[in-house]
Amino acid sequence: MPGIDECLLEAMALPGARGAALVDWSSGLALGTAGDSPVGDHETTAAETAELARAAAEYESFALAEPGAGEAAGPPVEDLIVTTRTGYHVLRFVETSFDSSVFLHLWLDRTEGNLALARHRLRALAEGLVLK
């Protein structure tokens, strides 16, 4: 099972990957980064993407506060996708055995990236990620 650095390196191996990070959405801190940042600074990008993740995870319009009968507990949102003129930003929430609020952020080049493959691969990476 990969740790943070290995997970981010695997994400960067995806076609069109420009940058990747593991971010705590409650604090806005990057727990690990790889590649480039859209604004040239990983900490700024982490803080800005955390605001988006926090909104999606906390507002009932996007995620119910409590899982219903028969629904598994876990992150309130699976993933978010933001499309820009030049790229894609995929935020994949990570389920952990402890109460955490982290997500994987992958920045893809729009012409070289494969959004479907990225979503599939990030899901697998999030499921196998070991947070210590």
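Residues numbered from 1 in each chain as written. Predicted model: local features only at pLDDT ≥ 70, side-chain atom pairs only at ≥ 80, totals over all residues. Heavy atoms only, no water.

**Digging into the pairing of strand 4 (residues 87–94)**
And step 1. The buried count for strand 4 comes to eight of eight residues, which makes it a mostly enclosed element.
And step 2. Across the two faces of strand 4 the burial is the same, with Gly87, His89, Leu91 and Phe93 and Tyr88, Val90, Arg92 and Val94 all buried.
And step 3. Two strands pair when backbone bridges link them, and strand 3 (residues 79–83) and strand 4 are joined in this way by five bridges, in the antiparallel orientation. Following the sheet pairing, Val82 is matched in strand 4 by His89.
And step 4. The turn joining strand 3 and strand 4, which pair antiparallel and follow one another in sequence, is formed by three residues. (Buried < 20%, exposed > 50% of the residue type's maximum accessible area, 1.4 Å probe, protein only. Helix = DSSP H or I, 4+ residues; strand = E, 2+ residues; numbered from the N terminus. Pairing = 2+ DSSP bridges.)

**Focus: helix 1 (residues 4–12)**
And step 1. Taken residue by residue, helix 1 has Cys7, Leu8 and Ala11 as its buried positions. Taken around the axis of helix 1, the buried residues stretch over an arc of 95 degrees, which confines them to a single face. Those residues of helix 1 that are exposed and aimed more than 90 degrees away from the buried face are Asp5 and Leu9.
And step 2. Next to the buried residues of helix 1 lie strand 1 (17–24), strand 2 (29–35), strand 5 (102–109) and helix 3 (115–128). (Arc of directions from axis to C-beta. Contact = heavy atoms within 4.5 Å.)

**A closer look at the nonpolar core**
And step 1. With 20 residues, the main nonpolar core has Val94, Leu104, Leu106 and Leu122 as its most contacted residues.
And step 2. Mapped onto this core, the elements with two or more residues apiece are helix 1, strand 1, strand 4, strand 5 and helix 3.
And step 3. Discounting residues that sit within four places of it in the chain, Leu106 has contacts with Ala11, Leu14, Ala17, Gly19, Ala20, Tyr88, His89, Val90, Ala118 and Leu122. (Core = buried A, V, L, I, M, F, W, Y, C linked by side-chain atoms within 4.5 Å.)

**Observations concerning the sheet that holds strand 2**
Working definition: the strands of a sheet are paired by backbone hydrogen bonds and lie parallel or antiparallel to each other.
And step 1. With antiparallel pairing, the five strands of this open sheet are ordered in space as 2-1-5-4-3. Two strands close off the open sheet at either side, each with one partner strand: strand 2 and strand 3. Within this sheet the neighbouring strands show an average axis-to-axis angle of 15 degrees, counted without direction.
And step 2. Contacts from helix 1 reach strand 1, strand 2 and strand 5, with the element oriented near 150 degrees to strand 1.
And step 3. Along the sheet, helix 3 makes contact with strand 3, strand 4 and strand 5, crossing strand 4 at roughly 25 degrees. (Axes fitted to C-alpha atoms, helices over the stretch in contact; angles between N-to-C directions.)

**A look at the packing of helix 1 against helix 3**
Packed helix pairs are specified by the crossing angle of their axes together with the interaxial distance, meaning the distance between the axes.
And step 1. In the contact formed by helix 1 and helix 3, the axes pass within 10 Å of each other and the chain directions differ by 170 degrees. With respect to each other, helix 1 and helix 3 are oriented roughly antiparallel. On helix 3, the residues that touch Cys7, Glu10 and Ala11 of helix 1 are Arg121, Leu122 and Leu125.
And step 2. The residue makeup of the contact of helix 1 with helix 3, split by class, is four nonpolar, no polar and two charged. (Parallel < 35°, antiparallel > 145°, perpendicular 65-115°, else oblique. Nonpolar A, V, L, I, M, F, W, Y, C, P; charged D, E, K, R; others polar.)

**Observations concerning the environment of Asn114**
And step 1. You can see Asn114 is positioned in the loop between strand 5 and helix 3.
And step 2. With 100 residues separating them in the primary sequence, Asn114 and Leu14 have C-alpha atoms 8.2 Å apart.
And step 3. The residues contacting Asn114, other than those within four sequence positions of it, are Pro15 and Leu108.
And step 4. Only 3.2 Å separates the side chain of Asn114 from the backbone nitrogen of Ala116, close enough to count as a polar contact. (Polar contact = N/O pair within 3.5 Å; in protein donor to acceptor, adjacent residues only side chain to side chain.)

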